[in-house]
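For reference, the chains in residue letters:
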Amino acid sequence: MIKSYKFKRHLANGFIYLFLIVMGIIWVSPFVYLLMHSFNGDVGGVGYQYLIPRKWSFQNYIDLFSGVGGNASLNYPRWFLNTFIVACFSCVISTISVLMVSYAFSRLRFKSRKKFINVGMILGMFPGFMTMIAIYYLLKAMGLTKTLVALVICYSAGAGLGFQISKGFFDTIPRALDEAATIDGATKNQIFWKIILPMSKPIVVYTVLTSFIGPWTDFILAKIIMGDNRDGYTVAIGLQLMTDATFKTQYYRQFLAGSVVVAIPITLLFLKMQKYYVEGVTAGGVKG
Amino acid sequence: MTYVEYRQLNPFQRFAFNFKKFISNVPHAVANFFKAIGRGIVKFFVGIGKGFYNYGTTFVKGDWATKLSYLIFGVGDFSKGKYYKGILFFLVEVLYILYMVFFGWTYLKDFTTLGTIPKHTEPDGIFEKIVYGDNSMLILLYSVLTIVITIVVFAIYIVNTKDAYKMQLLRAEGKKPTSLKTDIKDFMDGKYHITLMSFPVLMIGIFNILPLIFMILIAFTSYDYQHMPPGTLFTWVGLDNFASLFDVVNNSTRARTFIELTEWTLVWAVIATFSNYILGMIFALMINKKGIRLKALWRTLFVITIAVPQFVSLLLMNQMLQSNGAINILLSYITGQNVEIQFFNASPLLARVTVCVVNCWVGIPYTILSMSGILMNIPEDLYESARIDGAGPVKTFTKITLPYMVFVTTPQLITQFVGNINNFNVIYLLSNGAPTTHKFYQAGYTDLLVTWLFKLTMDKQDYNLAAAIGILVFIVCATLSLIIFNNSKSMKDEEAFS
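Scoring rules and cut-offs
Residues numbered from 1 in each chain as written. Chains lettered and ligands numbered in written order. Predicted model: local features only at pLDDT ≥ 70, side-chain atom pairs only at ≥ 80, totals over all residues. Helix = DSSP H or I, 4+ residues; strand = E, 2+ residues; numbered from the N terminus. Rg over C-alpha atoms; globule rule 2.2 N^0.38 Å. Buried ≥ 20, exposed ≤ 12 C-beta atoms within 10 Å, placed from the backbone. Contact = placed C-beta atoms within 7 Å. Pairing = 2+ DSSP bridges. Nonpolar A, V, L, I, M, F, W, Y, C, P; charged D, E, K, R; others polar. Core = buried A, V, L, I, M, F, W, Y, C linked by C-beta atoms within 7 Å. Axes fitted to C-alpha atoms, helices over the stretch in contact; angles between N-to-C directions. Left-handed = near helix turned anticlockwise from the far one by under 90°. Expected span 1.5 Å × (residues − 1). Bend = angle between axes of the 7 residues up to and from the residue. Domains from an automatic or database assignment. pLDDT = per-residue confidence, 0-100.

A. Main features of the overall build of chain B. When you go through chain B residue by residue, the secondary structure sums to 20 helices and two strands. Compactness check: chain B gives a C-alpha radius of gyration of 31 Å against a globular reference of 23 Å for 498 residues, more than 25% above the reference. Dimensions of chain B, computed from C-alpha atoms along their principal axes, come out at roughly 90 × 80 × 45 Å. The 498 residues of chain B split such that 32% are buried.

Right, dumping it as structure tokens:
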């Protein structure tokens, strides 16, 4: 009896392992394909007749960074640098905005606070790019379209609306701490900088990482703002341009290499962020 | 049902009870939602009435400086020795008047017509020259800007009159106004929320609210590819754009597109949400089953899909699913024949199925992640007592694990549903709406309402129609979300932990 139960369990676990292995392969194989073919040394058309490349070389990566490929407007290093600059600036501005707003919503009690929160939530529900045309003309009126400044503004302007998660985190910090500090004569400003922020490392790191990753993964906004100014492209729209019918034959392998180059750092950052996300959210979001 | 009765139920019955309560609560929640809106409107007008009353009484009771503040900003503050505030108020007024005279009014005066002088030619010596008339787009944009600025300045004006009266009362009590230094200190403490919020609110105002108002207004104009400023003017058309979307009687292309895409969007949202949810739950249960090793490895394998930027994985998938892409090559290897399946461009059904399947690949890891956290949180003693009572693995699953997970994740499920209605990336980067058809107006079979909106703006420049669709999508999503959020625990017991 006991034996058969054990046998059954082993059988069940065996099936589960089999299932997980098969699914794991399905899930990862596109990325393995991406990685392998970014090292493809074959010179050929778009349709690769072989699942596994016959020749291996670094040529795609070298081409990617030296700009070989016949078209000077496809400048991957430039795109990478653009994205990095935009990401740094918008990261700083967004993080500050988010933390300020969520602290105010979480710890300060003022008139019409609830109204602000509700309005913030409603604004977040509009399809973001619905307003893009208006933003485009606003930026044009300021003479900023097709510039990196415009991108920074767009990525960080609405950041304050993303207060939910960090507000949830701040909510969990006992208010007794604030009260004690107030009795000791601390102002709200001092409480924010000296008590709340040092206690909120996971959520600060999480906010920094998400706002840094944002510009690397965004697609629509950058496309609308940059239009045909290829010098100002970010990696995302640049890579999409490479898969465009006019360039695909020439640039398909560089597209794969370029995807790997951007995917690796972002993946690592994301995995790092994941840890903080789990920490921050299990502390702050359990009530959800 | 009393608490004791509730405790006597088994977990499954409890879940059924809670679920019933949740469902039966929905009409109530909807009613509450509209009641709240109604109350808000009433409150708003009462507030305005009160404001006018205060405005009047303050004027009657005010001294000369307070009375003068009704005309010239800041006089009240200035005359009572609060110089910096008086000067600031005065500056606001001067700047506003300059703005209105030199910029704002030139646009605002045409707001009702959106311009009357079209592009035309004028004799220029023996030749003719092109003269650009009014630009409806700029008139609308800058009118909105001017209206927003006017509202803000009006609010400052009201604050100014109140402040003048407050200073007057202070003077009557024989007190001195606070100095600049104490005021600044106050902004670091008592009024710290103003310090914190003003910058983000300003940015949101300029780059979210202003454009939003503009786009909402666009939905009521004729701003489309036939009316493109500065060449041609556009004007107000009332509800015509909405009417054209619901014009089923004449079976117009737009109405047909709208209705079919709405159907598909809803079908897509249901399938995408539930397939991810159910499959993700199965995956999570397997990974977290007792006796399965290498849990971290399995989890990481799936999380990679989330970690890689979506545009990379989706563009890659798009390329792999082309007729000469990797998937077809793989199929050719397996079958030994030359397979060239057109995943996106052949049949609508195949394209839709493909999109849903790939969405599973993208979405299941998210579910695994959140479910794993919840599974680990189920109290161990629940299982233990079930085992002592003689429950087998199947029974513990259906009576403990499943009800627990479904109950905890229901709000998340609805948030995901709303997210899927707006799931731009998956459709745009993967199929781009293909297969295209002439049956639809500027859309393909896999287009969602949001991608259709995007195409209308970017490719066709039918801004009015796009704006109308945006408003409709927003109404659906916002109603759903507000009902959920206002009924979820996190809004109610905001301070449960502090």
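B. Representation of the overall build of chain A within the structure. A count of helical and extended segments in chain A gives 13 helices and zero strands. When its helices and strands are written in sequence order, chain A yields α-α-α-α-α-α-α-α-α-α-α-α-α. When burial is assessed residue by residue, chain A has 40% of its 288 residues classed as buried. Taking as baseline every contact in chain A between residues at least 6 positions apart, the subset at least 24 positions apart corresponds to 74%.

C. Representation of the environment of Ala31 of chain B in the model. In this structure, Ala31 of chain B sits in helix α2 (residues 11-61). Taking the C-alpha atoms as reference points, Ala31 of chain B and Ile483 of chain B, separated by 452 residues in sequence, lie 9.6 Å from one another.

D. The arrangement of the pairing of strand β2 (residues 127-131) of chain B in detail. All names here are of chain B. Burial analysis of β2 places just zero of its five residues in the buried class, which makes it a mostly uncovered element. Bridge analysis of strand β1 (residues 120-124) against β2 gives five bridges, and the strand direction is antiparallel. When the sheet's bridge partners are listed, Glu122 is paired in β2 with Lys129. Here β1 folds back onto β2 in antiparallel fashion, the turn holding two residues, of which Gly125 has a positive phi close to 70 degrees.

E. Region of the structure containing helix α7 (residues 164-172) of chain A. Burial of α7 of chain A is extensive: eight of the nine residues sit out of reach of the surface. Burial in α7 of chain A covers these residues: Gln164, Ile165, Ser166, Lys167, Gly168, Phe169, Phe170 and Asp171 of chain A.

F. Quick look at the interface of chain B and chain A. Between chain B and chain A, the residue contacts involve 71 residues of the former and 72 residues of the latter. When residues in the side of chain B that touches chain A are grouped by element, the largest group, 14 residues, is from helix α8 (residues 192-218) of chain B. Looking at the side of chain B that touches chain A residue by residue, the classes come out as 49 nonpolar, 17 polar and five charged.

G. Focus on the nonpolar core. Leu151 and Cys154 of chain A together with Phe214 and Leu453 of chain B are the most contacted members of the largest nonpolar core, which totals 136 residues. Ranked by residue count, the leading element in this core is helix α3 (residues 76-107) of chain A, at twelve residues. Setting aside residues no more than four positions away along its own chain, Cys154 of chain A makes contact with Ile135, Leu221 and Ile225 of chain A together with Phe207 of chain B. Residues Met281, Phe283, Ala284 and Ile368 of chain B belong to the second largest nonpolar core, which totals twelve residues.

H. Structural view of the packing of helix α5 (residues 132-141) of chain A against α8 of chain B. Packing of α5 of chain A against α8 of chain B brings their axes to within 8 Å, and their N-to-C directions diverge by 115 degrees. For the crossing formed where α5 of chain A meets α8 of chain B, the hand is right-handed. Counting all contacts with α5 of chain A, which are made through Ile133, Ala134, Ile135 and Leu138 of chain A, the residues of α8 of chain B involved are Phe207, Pro211, Phe214 and Met215 of chain B. Looking at the contact of α5 of chain A with α8 of chain B residue by residue, the classes come out as eight nonpolar, no polar and no charged.

I. Representation of helix α11 (residues 295-307) of chain B within the structure. Relative to the 18 Å expected for 13 residues at 1.5 Å per residue, α11 of chain B spans 18 Å between its end C-alpha atoms, a close match to the ideal helical length. Along α11 of chain B, the helix axis deviates most sharply at Leu301 of chain B, where the bend reaches about 30 degrees.

J. Just the domain arrangement of chain A, in detail. All names here are of chain A. When the domains of chain A are assigned, the result is domain 1 (2-65) and domain 2 (71-284). Across the contact, twelve residues belong to domain 1 and twelve residues belong to domain 2. Taken together, the elements giving at least two residues each to the side of domain 1 that touches domain 2 come down to α1 (2-38) and α2 (59-66). Ranked by the residues each element gives to the side of domain 1 that touches domain 2, the list is headed by α2, at five residues. Residue composition of the side of domain 1 that touches domain 2, grouped by class: six nonpolar, five polar and one charged.

K. Fine view of the confidence of the model for chain B. Residue and element names in this part refer to chain B. With 96% of its residues at a pLDDT of 70 or more, chain B has an overall mean of 85. Taken element by element, the predicted model of chain B shows its lowest mean pLDDT in helix α20 (residues 489-492) (49) and its highest in helix α5 (residues 83-108) (92). This prediction of the complex comes with two scores: 0.81 for pTM and 0.84 for ipTM.

L. Up close: unusual backbone geometry. The omega torsion across Pro229 of chain B and Pro230 of chain B is 5 degrees, close enough to zero to call that bond cis. In this structure, Pro435 of chain B follows Ala434 of chain B across a cis peptide bond, with omega equal to -5 degrees. Locating Pro435 of chain B in the fold gives a position in the loop between α17 (424-430) and α18 (449-460). Even without being glycine, Ser112 of chain A reaches a positive phi, approximately 55 degrees. Along the chain, the position of Ser112 of chain A falls in the loop between α3 and α4 (113-123). The backbone of Asn432 of chain B sits at a positive phi, close to 50 degrees, despite the residue not being glycine. Along the polypeptide, Asn432 of chain B turns up in the loop between α17 and α18. On the basis of neighbour count, Asn432 of chain B is assigned to the partly exposed category, with 15 C-beta atoms found within 10 Å.

M. Here's a closer look at the environment of Ala326 of chain B. As for its position among the elements, Ala326 of chain B is in helix α13 (residues 326-335). When residues no more than four places from it in sequence are discounted, the contact partners of Ala326 of chain B are Tyr33 and Leu51 of chain A together with Met320 of chain B.

N. Up close: the confidence of the model for chain A. When pLDDT is averaged across chain A, the result is 83; 90% of the residues are at 70 or more. Counted against residues more than four places away or in other chains, residues 284-288 of chain A, with its pLDDT under 50, gives 15 contacts.

O. How the structure looks around the environment of Thr457 of chain B. Among the structural elements, Thr457 of chain B can be located in helix α18. With 23 C-beta atoms counted inside 10 Å, the residue Thr457 of chain B sits in the buried group. Here the alpha-carbon distance between Thr457 of chain B and Ile23 of chain B, two residues 434 residues apart in the chain, equals 38 Å. Among all residues touching Thr457 of chain B, those that are not within four sequence positions of it are Ile133 of chain A together with Tyr463 and Ala466 of chain B.

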